[in-house]
Amino acid sequence: MGLVTTGAPAGPEVPPGHAGPPRLTSPHDITRAVIRHTVRDAVFTLSPYGDPYTAALLRRFIDQGSAIWLAGAAAALEGRPPPSASGHLWGFAWRRLETAPPRHGGADKRALDLVLAAVALVVAAPVLLGGALAVRLADGPGVLCRQERIARGGRSFLLLTLRTRRPYDGEEAAASGSGTDLHTSRVGRLLRRTGVAGLPRLWNVLRGELSLVGPCPEHPRTVERFTRSCPEYGARHRMAPGLTGLAQVHGLHGGSPVEDRARFDNLYIDSWSWAQDIRIMLRAAARLPRREGR
């Protein structure tokens, strides 16, 4: 048994000599305790939807397979007294919260990714080879760029793109005071505008590191910072990141508020369907000519 204080990223410190159940003060502590002690039931004495921190905590328990119970005032139904069928826990009304099973795509989503990514890679192969050749001729060797990103479950992987940036040459390097600065080449700008630079990411999809649709893949430092500041952000990693996503097609990109992006990403994960993936891909394809790739 353990206690969690909701409504903040971490509960108050436990005073020395504290008696009673241990107090779990971080998401890591909660997950570790659920797995270590095979926690089957979680009891909420406040509404689990009362604030974003509690909602994130609810999702964490659901994802670990725990049954969710509401006790006391939380057992009320939409502000009304608890139904007569409710049980009680030492005089406090309680009832089980019906939670839909997590819909993270699973095998169905993976099958869609494999089929569409394989077909797209075959069809786009001439364009991809042409883009790689253009980079090699215009900007020198090393046509691929590898960037570390965070995948499902917090694992890291290398995101592949065609290289669109190159070191300054001679006079530019001297003027900048550094020979290691980078700038986007003319060929690189064209590849980004047309989306060709992102075609190698289809290989990440085939490897299972990316999905065609999902949350935006982020750098590890960005993930660490946003996980501390936004309680809903960590739940995005229940699903593999994607080439595009619900947040992206609504215009939410790197400069957008992280709370908005996390909300759209978690909504997408919780309501996943093949039809939604196809709609998002069509919307992303329609937007592609109008914006420069990331």
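For the structure itself, look to the data block above.
The following paragraphs examine the structure supplied in this document.

Calculation notes
Residues numbered from 1 in each chain as written. Predicted model: local features only at pLDDT ≥ 70, side-chain atom pairs only at ≥ 80, totals over all residues. Heavy atoms only, no water. Helix = DSSP H or I, 4+ residues; strand = E, 2+ residues; numbered from the N terminus. Buried < 20%, exposed > 50% of the residue type's maximum accessible area, 1.4 Å probe, protein only. Contact = heavy atoms within 4.5 Å. Areas by Shrake-Rupley, 256 points an atom, 1.4 Å probe, with all protein chains shown as cover. Phe/Tyr/Trp six-rings, centres within 6.5 Å; stacked < 30°, edge-to-face > 60°. Lys NZ or Arg CZ within 6 Å of the ring centre and 35° of its normal. Pairing = 2+ DSSP bridges. Axes fitted to C-alpha atoms, helices over the stretch in contact; angles between N-to-C directions. Left-handed = near helix turned anticlockwise from the far one by under 90°. Nonpolar A, V, L, I, M, F, W, Y, C, P; charged D, E, K, R; others polar. Salt bridge = Lys/Arg side-chain N within 4 Å of Asp/Glu carboxyl O. Arc of directions from axis to C-beta. 1 Å grid on protein atoms, 1.4 Å probe; cavity = no way out; pocket = protein on both sides within 12 Å on 5 of 7 lines; lining within 4 Å. Points joined across faces, edges and corners; volume = space filled by probe spheres on them. Patch = residues over 30% accessible without salt bridge, like charges linked within 9 Å, V, L, I, M, F, W, Y side chains within 5 Å.

## Description of the overall build of the protein chain
Along the protein chain, the regular secondary structure elements total ten helices and twelve strands. For the protein chain, the residues scored as buried account for 38% of the 294 residues in total. Put simply, 66% of the contacts in the protein chain that link residues at least 6 apart link residues at least 24 apart. For the protein chain, the exposed surface amounts to about 16800 Å²; the carbon and sulfur share of it is 60%.

## Focus on the packing of aromatic side chains
A full pass over the atoms with the stated rule returns two aromatic pairs. Seen from their ring centres, Phe44 and Phe61 are 6.3 Å apart, and the 90 degrees between their planes marks the pair as edge-to-face. Taken together, the residues Phe44 in strand S3 (residues 41-44) and Phe61 in helix H2 (residues 52-63) connect sequence positions 17 residues apart. Of the two residues, Phe44 and Phe61, neither departs from the other in class, the shared state being buried. If you follow Arg225 out to its NZ or CZ, it ends over the ring of Phe226, 4.9 Å from the centre.

## What to know about the pairing of strand S7 (residues 144-150)
With seven bridges connecting them, S7 and strand S8 (residues 156-162) associate as antiparallel partners. Opposite Arg146, over in S8, you have Leu160 as the bridge partner. Connecting S7 to the antiparallel partner S8 that follows it, the hairpin turn spans five residues, and Gly153 within it adopts a positive phi of roughly 75 degrees.

## A short note on the packing of helix H3 (residues 106-139) against helix H10 (residues 274-287)
Closest axis-to-axis distance for the H3/H10 pair is 10 Å, and the angle between their directions is 40 degrees. Both H3 and H10 take part in a crossing whose hand is right-handed. Across the interface between the two elements, Asp108, Lys109, Leu112 and Leu116 of H3 pack against Trp274, Asp277 and Met281 of H10. Across the contact of H3 with H10, the residue classes tally to four nonpolar, no polar and three charged.

## Regarding the pattern of salt bridges
Taken as a whole and assessed by the stated rule, the structure comprises seven salt bridges. Arg236 is paired through a salt bridge with Asp265; the nearest N and O atoms lie 2.7 Å apart. Of the two residues, Arg236 is situated in the loop between helix H7 (220-229) and strand S12 (242-244) and Asp265 in helix H9 (residues 258-270); the sequence distance between them amounts to 29 residues. We note that Arg236, like Asp265, is buried. Between Arg238 and Asp270 there is a salt bridge; the shortest N-O distance is 2.9 Å. Residue Arg238 is found in the loop between H7 and S12, and its partner Asp270 is found in helix H9; the two are separated by 32 residues along the sequence. Taking the relative accessible area as the measure of exposure, Arg238 reaches 10% and is therefore buried. Residue classification places Asp270 among the partly exposed residues on the basis of a relative accessible area of 37%.

## Looking at helix H5 (residues 186-194)
For H5, the full list of buried residues reads Gly188, Leu191 and Arg192. Down the axis, H5 shows its buried residues gathered within 95 degrees of arc, on one side only. In the stretch just after H5, Gly195 is the one whose phi turns positive, near 85 degrees.

## Focus: empty space enclosed by the protein
In total, this model carries one cavity of 30 Å³ or more according to the counting rule given. If you add up the space inside the largest cavity, you get close to 50 Å³. Lining the largest cavity are Ile150, Pro215, Cys216, Pro217, Glu218, Val223, Arg236, His237, Met239 and Pro241. Looking at side-chain class alone, the lining of the largest cavity contains seven nonpolar, one polar and two charged residues.

## Some points on a nonpolar patch on the surface
A contiguous nonpolar surface patch, about 350 Å² in accessible area, is contributed by Val115, Leu116, Val119 and Val123. In this structure, Val119 sits in helix H3.

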